[in-house]
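Spelled out, the chains give:
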Amino acid sequence: MARLSTTSAHSEDREEDAIGQMVPARTHRLLVWATLAIGLLVLTEGALRYEHGHPGGGEGVEGVPPGMFVADRHTGVTLRPGFVDPEGGFTVNSAGLRDPERPPPRGAHWLLLGDELAAGLGVGDDEHLARLLELGLSTSRDPAPEVWNGGVPRFGPEQVLMRSRTLSASLRLDPQVVLLAVHLGNDARDAARGPGVDRVVDGRLVEVPWGPWPGSAFNGDRGRGSFLGRRLRRSYAIPAALDLYLEPASSPVERGWSITERALAQLAGETRGTLVVLGIPGRLEGDTAVLEEELARGAALAGRAVDVDAPQRRLEAITTALDVPLILLRPALRASTEPTWYRDRDLLTAQGHRIVARTVLEQLAGRGIGPRLDLARVDAALLGRTPRSQAR
């Protein structure tokens, strides 16, 4: 009986040893797989961050000629000083502005800020808003200010804010009036994107997957977490143009308007002169035929309703809260018998720029902002311009 008991005890010991060896082996395998999974996640995250920081290849952004942009540590990209596009009639001076060469301002001067509408993409050097405003102001019998054009194509509200700061520092600008051209058709979209999307690769402007821009105060608004996490959750999603006109608004659109409001509030607080906001509609809003074409192509509404007034109401609410003057341009642009937008691009024609300039000057004069104007003299000056660019 004693031998049987001893044998049974040894058998139980061997079974316990076998089980004890199996548990560490299973744990070891789990640890190996967990380590490999974590390593893969780290490598993927690193690859996404590298891709964002070192873009290569890709198609250039449509409508932007090669060489127009250079990299900028504040705004992502900016206009290349000295750039000339003879075909498009687009010239950038040595200071990086779409302006004639001129010394730093010594007297009264205004500053126009905004995206491609302010920069005048699509029209000649003597046809864009800043030049026409300056021309109209020059008809006054009072001393007329220069109008400096700080507009940069594809800029959103955050980049406009940074542009204002860098111009004030580098050129010692202290404008009596700052005109902020808000593109109602895409500024909230550009705010949701931020500076980290457009990059210059081999002289071409390319769009890269979204990522936070170093030093941006609005990175948290655009989504927190890892690059991979945002990619999987699609929290980096950028709204399409039509999304700005749909109600209820999507999360990316809400985020874009929230950033727009904060950036505009900071610009208002930093502007020593008078800040005036110009609400310029996009062509979906200004030309109902374009909107109908977009809907006919089967644009996804996802149960939402089209509301062409949605961006305008948002901007009105922001400027009212900030007590900033607002000039809405849609009525004047729609009333024109000539094309004011290009049919294939969300850009104003030369006629569109003239209408905006005339309307802005009239409303500013009516509010006592700027020199006194004889609108008949302004009309004669503006109508005397023979546009070289034509609506297409």
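Here, the structure is the one placed above.
Given the structure is predicted, the values throughout are model-derived calculations rather than measurements. (Residues numbered from 1 in each chain as written. Predicted model: local features only at pLDDT ≥ 70, side-chain atom pairs only at ≥ 80, totals over all residues. Heavy atoms only, no water.)

1. A look at the packing of aromatic side chains
Applying the stated criterion across every chain, the model contains zero aromatic pairs. Against the face of Trp148 rests Arg102, its NZ or CZ located 4.9 Å from the ring centre. (Phe/Tyr/Trp six-rings, centres within 6.5 Å; stacked < 30°, edge-to-face > 60°. Lys NZ or Arg CZ within 6 Å of the ring centre and 35° of its normal.)

2. Notes on the pattern of salt bridges
Applying the stated rule across the entire model yields 21 salt bridges. Arg102 is paired through a salt bridge with Glu134; the nearest N and O atoms lie 3.0 Å apart. Of this pair, Arg102 sits in the loop between strand E4 (90-91) and strand E5 (109-114) while Glu134 sits in helix H3 (residues 129-137); the two residues are 32 residues apart in sequence, bridging distant segments of the chain. Each of the two residues, Arg102 as well as Glu134, counts as buried. For Asp190, the salt bridge identified is with Arg193, shortest N-O distance 3.4 Å. In this pair, Asp190 and Arg193 are both assigned in helix H5 (residues 187-193), three residues apart and thus about one turn of the helix distant. Residue Arg193 is classed as buried on the basis of its relative accessible area, which comes to 2%. Among the ionic contacts, a cluster of salt bridges with common partners joins Arg154, Asp190, Arg193, Asp198 and Glu207. (Salt bridge = Lys/Arg side-chain N within 4 Å of Asp/Glu carboxyl O. Helix = DSSP H or I, 4+ residues; strand = E, 2+ residues; numbered from the N terminus. Buried < 20%, exposed > 50% of the residue type's maximum accessible area, 1.4 Å probe, protein only.)

3. Examining the environment of Ile355
Relative to the helices and strands, Ile355 is located in helix H12 (residues 350-366). By relative accessible area, Ile355 is classed as buried at 13%. Through-space distance from the C-alpha of Ile355 to that of Ala332 is 6.8 Å; in sequence the pair is 23 residues apart. Setting aside residues up to four positions removed in sequence, Ile355 forms contacts with Ala332, Leu333, Ser336 and Thr340. (Contact = heavy atoms within 4.5 Å.)

4. Observations concerning empty space enclosed by the protein
This model, assessed by the stated rule, comprises three cavities of 30 Å³ or more. Taken as a whole, the largest cavity holds about 90 Å³ of empty space. Lining the largest cavity we find Pro157, Val160, Leu161, Leu180, Val182, Asp187, Thr260, Ala263, Leu264 and Leu267. Listed by contribution, the elements that provide at least two residues to the lining of the largest cavity are helix H4 (157-171), strand E7 (177-183) and helix H7 (251-270). Top contributing element to the lining of the largest cavity by residue count: H7, with four residues. Here the residues of the lining of the largest cavity sort into eight nonpolar, one polar and one charged. (1 Å grid on protein atoms, 1.4 Å probe; cavity = no way out; pocket = protein on both sides within 12 Å on 5 of 7 lines; lining within 4 Å. Points joined across faces, edges and corners; volume = space filled by probe spheres on them. Nonpolar A, V, L, I, M, F, W, Y, C, P; charged D, E, K, R; others polar.)

5. As for the nonpolar core
Here is a general trend for soluble globular proteins: nonpolar side chains tend to be buried in one another's company. Residues Met68, Phe69, Phe90, Leu180 and Val277 are the most contacted members of the largest nonpolar core, which totals 50 residues. Core analysis: the next-biggest nonpolar cluster, separate from the first, contains 31 residues, Leu129, Ala130, Ile327 and Ile355 among them. (Core = buried A, V, L, I, M, F, W, Y, C linked by side-chain atoms within 4.5 Å.)

6. Quick word on the packing of H4 against H7
Contact geometry for H4 and H7: axes closest at 8 Å, N-to-C directions at 20°. Regarding the angle of H4 to H7, the classification is roughly parallel. Every pair of crossing elements has a handedness; the one defined by H4 and H7 is left-handed. Taken together, the residues of H7 that come into contact with H4 (itself represented by Pro157, Glu158, Leu161, Ser164 and Arg165) are Thr260, Ala263, Gln266, Leu267 and Glu270. (Axes fitted to C-alpha atoms, helices over the stretch in contact; angles between N-to-C directions. Parallel < 35°, antiparallel > 145°, perpendicular 65-115°, else oblique. Left-handed = near helix turned anticlockwise from the far one by under 90°.)

Structural measurements only, silent on function.
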